[in-house]
Amino acid sequence: MRPLIDVWRSATSRLILIYGALFVVWSVVLLGAIQWESSRYLTHVLDQIVSQRMQYLVQTDAAHLPQAVDASGTLDPHGIMSAGLFDAQGRPLAGNIASLPQGLVADGQQHLLPKGVLRTDRLRSDVSARAMAQRLPGGKLLVLAKDTSTIDGLGAIIRRTLLWGLSLTVIPGLLGGLLLSRGPARRIRAIQLATEPIQRGDLTRRLPVSRRGDELDVLAGIVNTMLGEIERLMGEVKGVCDNIAHDLRTPLTRLRARLYRVQQQLDGRPEAGLVEACVTDIDAVLTRFRALLRVSELEDQHRSACFSEVDLERVLHQVHDFYAPLAEDRGLGFVLELAPLAPLRGDAHLLFEAFANLVGNAIKFTPAGGRVLLRARMERNGPRVDVLDGGPGIPAGERDAVTRRFYRGDNSRSTPGSGLGLSIVSAIVRLHGYRLEIGDGDGGGACISIHCMTAATVEAA
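Below: a short report on this structure. Values in this document were obtained by computation on a predicted structure and should not be read as measured data. (Residues numbered from 1 in each chain as written. Predicted model: local features only at pLDDT ≥ 70, side-chain atom pairs only at ≥ 80, totals over all residues. Heavy atoms only, no water.)

**A closer look at the environment of Asp 47**
Thinking step 1. Relative to the assigned elements, Asp 47 resides in helix H1 (residues 11-58).
Thinking step 2. Note on Asp 47: relative accessible area 15%, which makes it buried.
Thinking step 3. Note: C-alpha distance between Asp 47 and Lys 146 (99 residues apart in sequence) is 8.5 Å.
Thinking step 4. Setting aside residues no more than four positions away along its own chain, Asp 47 makes contact with Gln 110 and Arg 130. (Helix = DSSP H or I, 4+ residues; strand = E, 2+ residues; numbered from the N terminus. Buried < 20%, exposed > 50% of the residue type's maximum accessible area, 1.4 Å probe, protein only. Contact = heavy atoms within 4.5 Å.)

So this is what it looks like as structure tokens:
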């Protein structure tokens, strides 16, 4: 059975993840642009305030300038604006700036001071500032600074808004997307499970269609229409083949009986050999017709309703006991290797027929002195039965074709047969839901394997 669809690998989930990623990127870019524009605008406002205050203090009388610088701190109770007056040697004369900031150029332009450079009696050391230094007549230096806590606070607000916005949109969006994707995933699972019996040859099954009428329903309707047409065509072809085989079998049987009576009347005459050859050919044709009807019977899926628990070890012992005398007459070794096997659900008579066909072919194609091995062992999903022969093997390019009706490979054209043995085996395997595998043997020849499923595995599937 194929693995079911993964919700996280569905198209809906991928689209939700892609759109979610695009939304996150776009949100980050948008809020980043808002923060950059806001910071640029507030920086311009701060620079204007500092420049206007600087112009006012520069125009103040030199005798009253220290008092005006000290008053700047009084006029700013929040400690945002800082002012300092220094002599030519950089010693503080007035204001709340403790020392001349290092690296500040007295060019009358605005400069950004990193955190910890500007030291005042009220400014926090972890806050940066916009500062301006102006050289006054007499060598004195006037420094004005305004911290950027407003700009930093705005950036923090925008970042918190981004985190909250993403949390309140992306997380519910992912949860909602998961809930939305579960519905299509359940419908895909239902469609996938509905295709399992169709793949096993039951063309009477149809894909489920809901009342929504969406794309999945349209697709399922198209597939159901195709399945109906395929079922009709296959039924017509099968009916024609079955009718031909059934209708011709009766006249051929009568013809064989008449030829047999003629053969009895010509006993001892030269013409008796010719009639005997005709009887042999008619027997071959009747054998093919019987095999065709047998394949058609096995392809009827309703027969699986009568399945019951089967002891596979007992079936394989019966096959070995049945063919051991024939293998001995042909000078072949016929070995049975069995490990403990779990019970199967199926038809014991059909399984005997399938394994008997495989063993019969192996004995037929193995030359005298060779060896045929019937082997069975347990695997994860159930028993595996191998039939290995010492014949010419089946080329890799013909392994799919040999299960078709009447196909005979180059290695088997010179041996008697109708080309329907593996077709019957394949039909029995499909009816049980097993898997047929054709490969190479351990020391040459062919290895034909049937992978079975235990009763517990079938119920779990």
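**Digging into the sheet that holds strand E2 (residues 92-95)**
Thinking step 1. Read from one edge to the other, the open sheet built from five strands follows the order E2-E1-E5-E4-E3, with strand pairing classed as antiparallel. In this open sheet, the two edge strands, each paired with only one partner strand, are E2 and strand E3 (111-113). Neighbour to neighbour, the strand axes of the sheet diverge by 30° on average, direction disregarded.
Thinking step 2. Alignment of E3 against strand E4 (residues 129-135), held across three bridges, turns out to be antiparallel. By the bridge assignment, His 111 is partnered in E4 with Ala 131. (Pairing = 2+ DSSP bridges. Axes fitted to C-alpha atoms, helices over the stretch in contact; angles between N-to-C directions.)

**Structural notes on helix H6 (residues 312-329)**
Thinking step 1. Its 18 residues place the ends of H6 26 Å apart at the C-alpha level, agreeing with the 26 Å of an ideal helix rising 1.5 Å per residue.
Thinking step 2. Its maximal kink placed at Tyr 323, H6 deviates by approximately 40°, while the proline Pro 325 follows within four residues.
Thinking step 3. Turning to H6, its buried residues are Leu 312, Val 315, Leu 316, Val 319, His 320, Tyr 323 and Ala 327.
Thinking step 4. Among the structural elements, strand E6 (308-310), strand E7 (333-338), strand E8 (344-346), helix H7 (348-365), strand E9 (371-378) and strand E10 (383-388) are those in contact with the buried residues of H6.
Thinking step 5. Of the residues that open H6, the one with a side-chain oxygen 3.3 Å from the backbone nitrogen of Glu 313 is Asp 311. (Expected span 1.5 Å × (residues − 1). Bend = angle between axes of the 7 residues up to and from the residue. Polar contact = N/O pair within 3.5 Å; in protein donor to acceptor, adjacent residues only side chain to side chain.)

**Some thoughts on the packing of aromatic side chains**
Thinking step 1. The final tally for this structure, using the stated rule, is two aromatic pairs.
Thinking step 2. Between Phe 322 and Tyr 323, the ring centres sit 5.1 Å apart and the planes meet at 75°, which makes this aromatic pair edge-to-face.
Thinking step 3. Ring centres 6.1 Å apart and planes at 80° place the aromatic pair Phe 322 and Phe 352 in the edge-to-face group. Of the two residues, Phe 322 sits in helix H6 while Phe 352 sits in helix H7, which places them 30 residues apart along the sequence.
Thinking step 4. Judged by its relative accessible area of 54%, Phe 322 falls in the exposed class. (Phe/Tyr/Trp six-rings, centres within 6.5 Å; stacked < 30°, edge-to-face > 60°.)

**Some remarks on the nonpolar core**
Thinking step 1. Counting residues in each nonpolar core, the largest one holds 41 residues, and the members touching the most others are Leu 316, Phe 355, Val 359, Leu 374, Tyr 434 and Ile 450.
Thinking step 2. Looking at this core, the elements that each hand over two or more residues are H6, H7, E9, E10, helix H8 (421-432) and strand E12 (446-451).
Thinking step 3. At nine residues, H7 tops the list of elements feeding residues into this core.
Thinking step 4. Ranked by size, the runner-up nonpolar core spans 14 residues in total, among them Met 54, Val 69, Ala 83 and Ala 94. (Core = buried A, V, L, I, M, F, W, Y, C linked by side-chain atoms within 4.5 Å.)

**Some points on the pairing of E10**
Thinking step 1. With six of its six residues buried, E10 lies for the most part within the structure.
Thinking step 2. Burial along E10 is two-sided: the residues Pro 383, Val 385 and Val 387 and Arg 384, Asp 386 and Leu 388 are all buried.
Thinking step 3. The pairing of E9 with E10 spans six bridges and is antiparallel. The partner of Met 378 across the bridge, within E10, is Pro 383.

**Concerning the sheet that holds E9**
Thinking step 1. One open sheet holds the five strands; their spatial order is E7-E9-E10-E12-E11, and the pairing between them is mixed. Only two strands of the sheet have a single partner each, and these edge strands are E7 and strand E11 (435-440). Recorded for the sheet is a direction-independent mean angle of 15° between the axes of neighbouring strands.
Thinking step 2. Pairing analysis gives six bridges linking E7 to E9, with the strands arranged parallel. Bridge pairing in E9 links Leu 336 to Leu 374.

**Some thoughts on the pattern of salt bridges**
Thinking step 1. Under the counting rule described, the total for this entry stands at ten salt bridges.
Thinking step 2. Between Arg 40 and Glu 37 there is a salt bridge, with its nearest N and O atoms 3.0 Å apart. Highlighted residues: Arg 40 and Glu 37, both in helix H1, separated by three residues, approximately one helical turn.
Thinking step 3. The exposure class of Glu 37 is partly exposed, given its relative accessible area of 38%.
Thinking step 4. One salt bridge in this structure joins Asp 47 and Arg 130, with 2.9 Å as the shortest N-O distance. (Salt bridge = Lys/Arg side-chain N within 4 Å of Asp/Glu carboxyl O.)

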